[in-house]
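# Overview (structure and organization)
Okay, here's what each chain looks like letter by letter:
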Amino acid sequence: MKIIVVGGAEDTAKVAFQEIKATLKKKPNATICFPTGSSPLPLYKAMVADFKKSKTSYKNVVTFNLDEYKGLGAKHTQSYRYFMDTNLFNSIDVNKDNIHFPNGVIKDLNAECNRYHEELVNNHRDIQILGIGSNGHIGFNEPGTSFDSVTHVVSLSASTIRDNSRFFSSIKEVPKQAITMGLSEIIDSDKIILIATGINKAKAIRDCVKGPIDENCPASILQKHDNVILILDKEAASLL
Ligand code: F6R
């Protein structure tokens, strides 16, 4: 694992964006899988600012996203699709037909998981971008999830519901379930870039990097991959 420790959130964005740009230069039709949440936000801001200034094109880029809440549609302001549309997709020239997202409002969620899995099988990822939960989750793969998992419906842990309640007006509004890409799909990417900032992530980062490769820390699966970059601020790196 390559570990890059930077001064703050804005710097994580600079490093991550350099990686994306370098890939797009070689492969303008790269396939990139994105997370939502606060960790990648500075990166998305940097991508939008660069698009306005330098017109880096995403026309041929194919996108996937890690996860979506059950019951929240694209127009719901807390859905992950809405987050991506408003923070990135609507502000760059990505072709809407190239955007792949799990649909959290479909009746048959298991069929939806199978459909998404098939799309992932047919579109190998060049870059997987990740955040990490304070409990070591990646995507919504909570501790105890099988390393062999593929896209599935998950019940969110109490700590994830608590962490994510900051985006909702009350904890009661946080959906209890989500669709998430599985761990075997997450690591099926040429390159993995994980961004983590803040002291709340320090223990998860320590377990991810130095702990045993164990399903109790889903992010520890990254130790099995030979092209992983962790971009951390000093606080997130403080237990390494
Ligand atoms: C979001 C996702 C989650 C987040 C993680 C960290 O799509 O897959 O694993 O990356 O919960 O969230 P933030 O960045 O908000 O701390």
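In case you missed it, the structure is sitting above this.
Scoring rules and cut-offs
- For every chain, the first residue of the written sequence is number 1, and numbering continues from 1 along that sequence.
- Thresholds applied to this predicted model are a pLDDT of at least 70 for local features of residues and 80 or more for the giving and counting of side-chain atom pairs; totals over whole chains, interfaces and linings are not thresholded and use all residues.
- Neither water nor hydrogens contribute to the side-chain values; these are computed over all heavy atoms in the structure.
- The cutoff for a nearby residue is simple: one of its non-hydrogen atoms must lie within 4 Å of the molecule or strand.
- Here a polar contact is recorded for every N or O atom pair within 3.5 Å, except that within protein the pair must consist of a potential hydrogen donor and a potential acceptor, and residues adjacent in sequence are included only if both atoms are side-chain atoms.
- Here the nonpolar group is Ala, Val, Leu, Ile, Met, Phe, Trp, Tyr, Cys and Pro; Asp, Glu, Lys and Arg are the charged ones; every other residue, Gly included, is treated as polar.
- Take the buried residues of types Ala, Val, Leu, Ile, Met, Phe, Trp, Tyr and Cys, join any two whose side-chain atoms come within 4.5 Å, and each joined set is a nonpolar core.
- Only protein chains enter the accessibility calculation, which uses a 1.4 Å probe; a residue whose area is less than 20% of its type maximum is buried, one above 50% is exposed, and one in between is partly exposed.
- What counts as a helix is a DSSP run of H or I of at least four residues, what counts as a strand is a run of E of at least two, and both are numbered from the N terminus.
- The contact definition used throughout considers only heavy atoms, calling two residues in contact when any of these lie within 4.5 Å.
- Simply put, an axis is a line fit to the C-alpha atoms, just over the touching stretch for a helix, and the angle between two N-to-C directions goes from 0 to 180 degrees.
- Here the angle decides the label: under 35 degrees means roughly parallel, over 145 means roughly antiparallel, 65 to 115 means roughly perpendicular, and every other value means oblique.
- It is the rotation of the near helix from the far one that decides the hand of a crossing: anticlockwise by less than a right angle makes it left-handed, clockwise makes it right-handed.
- Between Lys or Arg on one side and Asp or Glu on the other, a salt bridge is scored when a side-chain nitrogen of the former is within 4 Å of a carboxyl oxygen of the latter.
- We treat two strands as partners when DSSP finds at least two bridges between them.
- A clockwise course of the path from the first strand over the helix to the second, judged with the strands pointing away from the viewer, identifies a crossover as right-handed.

Close to the ligand lie 15 residues, the nearest being Ser39, Asp67, His137, Gly139 and Lys201. In the model, an oxygen atom of the ligand is placed 2.5 Å from a nitrogen or oxygen of the serine 39 side chain. Among the residues making up the shell around the ligand, the classes are represented as 4 nonpolar, 8 polar and 3 charged.

Looking now at the nonpolar core. Ranked by internal contacts, the top residues of the largest apolar core, which has 41 residues, are Ile20, Phe34, Leu43, Met47, Tyr58 and Leu88. Contributions of two or more residues to this core are made by α1 (9-26), β2 (31-34), α2 (41-54), α3 (80-87), β6 (125-130), β9 (189-196) and β10 (228-233). Looking at this core element by element, the count peaks at 6 residues for α1. Those residues in contact with isoleucine 20, other than ones at most four positions away along the chain, are Ile32, Leu43, Met47, Ile127 and Ile129. If you look at the next biggest cluster of nonpolar residues, it comprises 29 residues, including Cys208, Ala219, Leu222 and Ala237.

Let us look at the packing of α1 against α2. Close contact between α1 and α2 brings their axes to 8 Å; oriented N to C, the two are set at 60 degrees. The orientation of α1 with respect to α2, classified from their angle, is oblique. Judged by the twist between their axes, the crossing of α1 over α2 is right-handed. Within the contact between the two elements, α1 uses Ala9, Glu10, Ala13, Ala16, Phe17, Ile20 and Lys21 and α2 uses Pro42, Leu43, Ala46, Met47 and Asp50. Class assignment for the residues of the contact of α1 with α2 results in 9 nonpolar, no polar and 3 charged.

Turning to the pattern of salt bridges, a few remarks are in order. This structure, assessed with the given rule, holds 9 salt bridges. A salt bridge links lysine 27 to aspartate 126; its shortest N-O distance comes to 2.9 Å. Pair noted here: lysine 27 is in the loop between α1 and β2 and aspartate 126 is in strand β6, with a separation of 99 residues, a long-range link. Residue classification places lysine 27 among the partly exposed positions, given a relative accessible area of 33%. Looking at aspartate 126, the relative accessible area reads 9%, which means it is buried. Measuring nitrogen to oxygen at the nearest pair gives 2.6 Å for the salt bridge that ties glutamate 112 to arginine 115.

Attention shifts here to the side chain of threonine 145. Note on placement: threonine 145 falls in the loop between β6 and β7 (152-155). Polar side-chain contacts of threonine 145 include one of 2.5 Å to the backbone oxygen of glutamate 142. Beyond its immediate chain neighbours, meaning those up to four positions away, threonine 145 contacts His152, Leu183 and Glu215.

In this section: the sheet that holds strand β4 (residues 67-69). Across the sheet, 3 strands lie side by side as β4-β8-β7; this open sheet has antiparallel pairing. Unpaired on one side and paired on the other, β4 and β7 mark the two borders of the sheet. The mean angle between the axes of side-by-side strands here comes to 30 degrees, regardless of whether they run parallel or antiparallel. Pairing between β4 and strand β8 (residues 177-180): 3 bridges, direction antiparallel. Bridge pairing links tyrosine 69 to alanine 178 in β8. Against the sheet, helix α4 (residues 109-122) touches β7 and β8, its axis set at about 125 degrees to β7.

With that out of the way, let us pick up the pairing of β2. By the alternation rule, side chains of β2 split into Thr31 and Cys33 and Ile32 and Phe34, which are all buried. Pairing analysis gives 4 bridges linking β2 to strand β3 (residues 62-65), with the strands arranged parallel. The residue bridging isoleucine 32 from the neighbouring strand is threonine 63, located in β3. The parallel pair β2 and β3, bridged by α2, forms a crossover whose chirality is right-handed. Bridge count for β2 against β6 is 2 bridges, and the pairing is parallel. In the strand pairing of β6, cysteine 33 is matched with glutamine 128.

Everything listed here is a matter of geometry and, on its own, says nothing about what the molecule does.
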